[in-house]
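# What the coordinates show
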Amino acid sequence: MPDWLESSDVLAEQYADSENLDARIAFHKEYSTAEREFRAWQFDQFDCNSDARVLCVGCGPAELWSANRKRIPDRWSIMLTDFSPGMVETARENVTDCDGSFSSRVADASDLPFKNDSFDAATANHMLYHVRDREAAIAELRRVLKPAGILYATTNGDRHLVELFDTLESVLGERPARSTGFTLENGHEQLDHRFDDVELRRYDTALAVTDVEPVVAYALSREDVDESLADDLRGAFAAQFEDGVFRVSKDVGTFVARG
Ligand SMILES: C[S@@+](CC[C@H](N)C(=O)[O-])C[C@H]1O[C@@H](n2cnc3c(N)ncnc32)[C@H](O)[C@@H]1O
């Protein structure tokens, strides 16, 4: 199976607009067991001055910002970037009623169109595992951050959604492609090359899924799962429910990198 998670053609198709991603985000939100909502938790991690310049790389539909619209300090200026023009357009629409001031650009993470020392903080959330030249992207993030700037990079660990992937494997007959290039396990050493101080903050959560259809839709939102497998998936996932609940592990955290 090709590793579509790093293939630029397939990624361009998958992220041409926010439809697939929106479906997956809604699924996680609906069945989360976390005490603190994920986007609120992500925003809690920021440690920035009241007039910070923040770069958001691979911003997707900008949900980090729209979900925290009233928490954004008025004097923050936020630059939204993504390599998908469709995502940048959606992101712009989604932040129209947010506090703070926003601008946007189409940009590849491994070649950022900004001067050295431009930003106080940068986010690269759930995206570094997609970047083929990740070393260049991390170097670019360090370059455009001020010396005291902070990078926030959320990603998943090896046990993320393991029960869901085990079931998917039983239907596909092979292990589905996972995004293993930048994980909670190997992200630290990659950031260490460019940042002096790297800390991992874990987000404590899991999924308690109570309906089979959303988990089927989640599987079908992947580029490597064909619509014709819907019935097989439905049967395989239905068999995982105990007392009406399919329990799925999540393994998520944010690296906070400084210096
Ligand atoms: C899983 S989504 C995450 C979106 C958002 N950061 C979030 O946390 O909801 C990954 C995003 O990274 C973008 N992306 C993938 N590779 C990229 C690259 N090399 N440069 C910039 N953006 C990229 C995709 O277009 C997509 O919007």
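For the structure given in this document, a descriptive report is provided here. (Residues numbered from 1 in each chain as written. Predicted model: local features only at pLDDT ≥ 70, side-chain atom pairs only at ≥ 80, totals over all residues.)

### Some points on the overall build of the chain
When its secondary structure is counted, the chain shows 10 helices and nine strands. Its C-alpha atoms give the chain a radius of gyration of 18 Å, near enough to 18 Å, the size a compact globule of 259 residues would have. Seen through its C-alpha atoms, the chain measures out along the principal axes to roughly 55 × 35 × 30 Å. Taken across its 259 residues, the chain has 35% of its residues classed as buried. Sequence separation of 24 or more characterises 80% of the internal contacts of the chain that already satisfy a separation of 6 or more. (Helix = DSSP H or I, 4+ residues; strand = E, 2+ residues; numbered from the N terminus. Rg over C-alpha atoms; globule rule 2.2 N^0.38 Å. Buried ≥ 20, exposed ≤ 12 C-beta atoms within 10 Å, placed from the backbone. Contact = placed C-beta atoms within 7 Å.)

### Examining the site of the ligand
Every one of the 19 residues lining the ligand counts as a neighbour, but Tyr-15, Gly-58, Gly-60, Asn-125 and Met-127 are closest to it. Of the residues in the shell around the ligand, the class split is nine nonpolar, seven polar and three charged. (Near = placed C-beta within 6 Å. Nonpolar A, V, L, I, M, F, W, Y, C, P; charged D, E, K, R; others polar.)

### Quick notes on the packing of helix H7 (residues 162–172) against helix H10 (residues 230–238)
Look at H7 against H10: their axes get within 10 Å of each other, and the N-to-C directions meet at 135°. It follows from the interaxial angle that H7 and H10 lie oblique. You can see that H7 and H10 cross each other, and the crossing is right-handed. Contacts between H7 and H10 involve Thr-167, Ser-170 and Val-171 from the first element and Asp-232, Leu-233, Ala-236 and Phe-237 from the second. Partitioning the contact of H7 with H10 into residue classes produces four nonpolar, two polar and one charged. (Axes fitted to C-alpha atoms, helices over the stretch in contact; angles between N-to-C directions. Parallel < 35°, antiparallel > 145°, perpendicular 65-115°, else oblique. Left-handed = near helix turned anticlockwise from the far one by under 90°.)

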